[in-house]
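Per-entry structural report
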Amino acid sequence: MDSLEHGTAAMAEIPRFDDGMVNIQELIRVMAESLVNEIMDAQAEDACADGNQRNGYRERTLATSVGAINLRIPKLRRGSYFPEDLLVRYSRADRAVIAAVSEMVANGVSTRKAGRVAASLGMDRMSASQVSRICGSLDEIVADLQGRDLSDVAFPYVWVDATYVECRDGGHVSPCALVTAIGAGSDGYRRLLGLDAVDTESHAGWLAFLRSLRERGVGGVLCVTSDAHEGLRRAIEEVFPGAAWQRCVVHLMRNAASCAPTRQKRAAVLAILHAVFDERDPALVRELYHLACGEMADICPRAADLLEDAEADALAYLDFPYAHHRRLRTNNVQERANREIKRRSRVVQVFPSRRSLIRMLGAVLSEMDEDWASRRWFAEESIALATSPSKTPLPAPSYDGTAEEHARRIMEVVVADNPIGRRAA
């Protein structure tokens, strides 16, 4: 009878919703609070086995994934007691909460929204500043990403770029350049080689960034793909002597189109350049490029001059294995990473400091790096062709006649389809 009465009383104490359903989360919270306090009491009793005595408790609230629990940490008359295996000193949140909040912020949830989500889970008084402090756990992840040794493999291909994010610095808000480098290793995997925040894309800034990559073991570089920033190009030549520089053809097309004074001429410039870079056969691409320069002279002389000056850099990818051309000729791998960075940083709008910028966006890039490590980007046989001393055979041309004849036919069709640009010249 006594056990029945005890069970009925226990059932009455079970937390329930207004409709009578058991509140499982609150039940787990109460049980966790009771269990942790019982464990600490038992450990304190063991500590008093040598004649020491208990001296009350000190109260402390800990945010957990099931809600806030009230801890009664025993005090001793001699010495001190702290449950090192249960709690982290000075922490008001357990590791599960730290991991959850950090993951929310890394996935683009603002600190205020993360605080509201935490409150909805029963974690009272989780302010935006507390969320920011919790996210300090991301610093270790980002520091490891920025300082890890990269000398275990060679990196024949490297892509470099910068994207601008608003950041508060020196009491005012200004754009801050987040510079990143992505490499394709000799094992076929992509890796994030480095990231940093700089004021402007100056030669000095790029030089310091690329030198930091060399110091951490980035070597064996055969080709670096980027846009045509003069300071970056000079830094590449100094840090990776002997490596080819591939000017991103997408950026080149945009630059050429921006030289045209009218919308019709811009459309014609883009149509001609698309015809050039849509082809895969190296000989045909080179012939089309020369013809494009001639056609451009009639449509937009400034664009023609730009293309003539950029020929060697725009077509550098043709000297590498055929299977790698599509990935080498553009900076698309960086553009995709930049889009994800922008998406995640949009909710923040303005970062309070460079440290917070590196913390959050470094966590985003670390997540990408982990995803890249799960699958090869180049097959082992394919990436080995980059360092092979012998030239790889090219596929047979898909056209009849010589590359020069076929290039003329293609250009005639493109010009015929875009007569406005020529007529408006």
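Sequence order as written defines residue numbering, which begins from 1 separately in each chain. The predicted origin of the model limits local features to residues at a pLDDT of at least 70 and limits the giving and counting of side-chain atom pairs to 80 or more, whereas totals for whole chains, interfaces and linings rest on all residues. The basis for every side-chain value is the complete set of non-hydrogen atoms in the structure, without hydrogens or water.

**What to know about the pattern of salt bridges**
Any carboxyl oxygen of Asp or Glu within 4 Å of a side-chain nitrogen of Lys or Arg constitutes a salt bridge here. Counted by the stated rule, this structure contains twelve salt bridges. We note a salt bridge from Arg54 to Asp41, for which the minimum N-O separation is 2.9 Å. Residue Arg54 is found in strand β1 (residues 54-64), and its partner Asp41 is found in helix α2 (residues 24-47); the two are separated by 13 residues along the sequence. Under the scheme applied here, a residue whose accessible area is under 20% of the maximum for its type counts as buried, over 50% as exposed, and between as partly exposed, the area being computed with a 1.4 Å probe on protein chains only. For Asp41, a relative accessible area of 18% gives the class buried. Residues Arg191 and Asp187 are paired through a salt bridge, measuring 2.8 Å at the closest nitrogen-oxygen approach. Linked by salt bridges that have partners in common, Asp41, Glu45 and Arg54 make up one network. Secondary structure is summarised from DSSP: a helix means a run of H or I of at least four residues, a strand means a run of E of at least two, and numbering begins at the N terminus for each.

**Examining the sheet that holds strand β6 (residues 223-226)**
Sheet architecture is open: five strands sit in the order β5-β4-β3-β6-β7, paired in mixed fashion. For this open sheet the edge positions go to β5 (190-198) and β7 (244-247), each flanked by a neighbour on one side alone. Averaged over all pairs of adjacent strands, the angle between strand axes in this sheet comes to 25°, irrespective of strand direction. A pair of strands is considered paired only if DSSP assigns at least 2 bridges between the two. Sheet analysis places β6 next to β7, joined by four bridges and oriented parallel. When the sheet's bridge partners are listed, Val224 is paired in β7 with Trp245. We call two residues in contact whenever any of their non-hydrogen atoms come within 4.5 Å of each other. Every axis corresponds to a line fitted to the C-alpha atoms, with the helix fit spanning only the stretch in contact, and the corresponding angles, defined between N-to-C directions, vary from 0 to 180 degrees. Strands in contact with helix α14 (residues 332-345) are β3 (157-169), β4 (172-184) and β5; relative to β3, the strand with the most contacts, it is inclined by about 20°.

**Quick look at the pairing of β4**
Pairing geometry for β3 and β4, over 13 bridges, is antiparallel. From the neighbouring strand, Cys167 faces β4, where its bridge partner is Ser174. Linking two consecutive strands that pair antiparallel, namely β3 and β4, is a turn of two residues; a positive phi of about 65° is found at Gly170 within it. As paired elements, β4 and β5 share eight bridges and run antiparallel to each other.

**Things to note about the packing of aromatic side chains**
Paired rings are identified among Phe, Tyr and Trp, the last through its six-membered ring, by centres lying within 6.5 Å, and are further divided according to the angle between planes into stacked (under 30 degrees), edge-to-face (over 60) and tilted (the rest). Tallying each qualifying case throughout the model produces seven aromatic pairs. Centroid distance Tyr157 to Trp159: 6.4 Å. Interplanar angle 70°. Geometry classified as edge-to-face. For the pair formed by Tyr157 and Trp159, the shared burial category is buried. Geometrically, the ring pair formed by Trp377 and Phe378 is edge-to-face, given 5.3 Å between the ring centres and 70° between the ring planes. As far as the burial class goes, Trp377 and Phe378 line up, both buried. Pairwise contacts between aromatic rings join Tyr157, Trp159, Phe320, Trp377 and Phe378 into one cluster.

**Points about the confidence of the model for the chain**
Per-residue confidence for the chain gives a mean pLDDT of 81; residues scoring 70 or more make up 81%. Per residue, pLDDT measures the predictor's confidence, with a range of 0 to 100. For residues 90-97, every residue scores under 50 in pLDDT, and the model assigns this stretch 23 contacts once sequence neighbours within four places are set aside. Here residues 421-425 is modelled with pLDDT under 50, and outside its nearest four sequence neighbours on either side it reaches twelve contacts, counting other chains as well.

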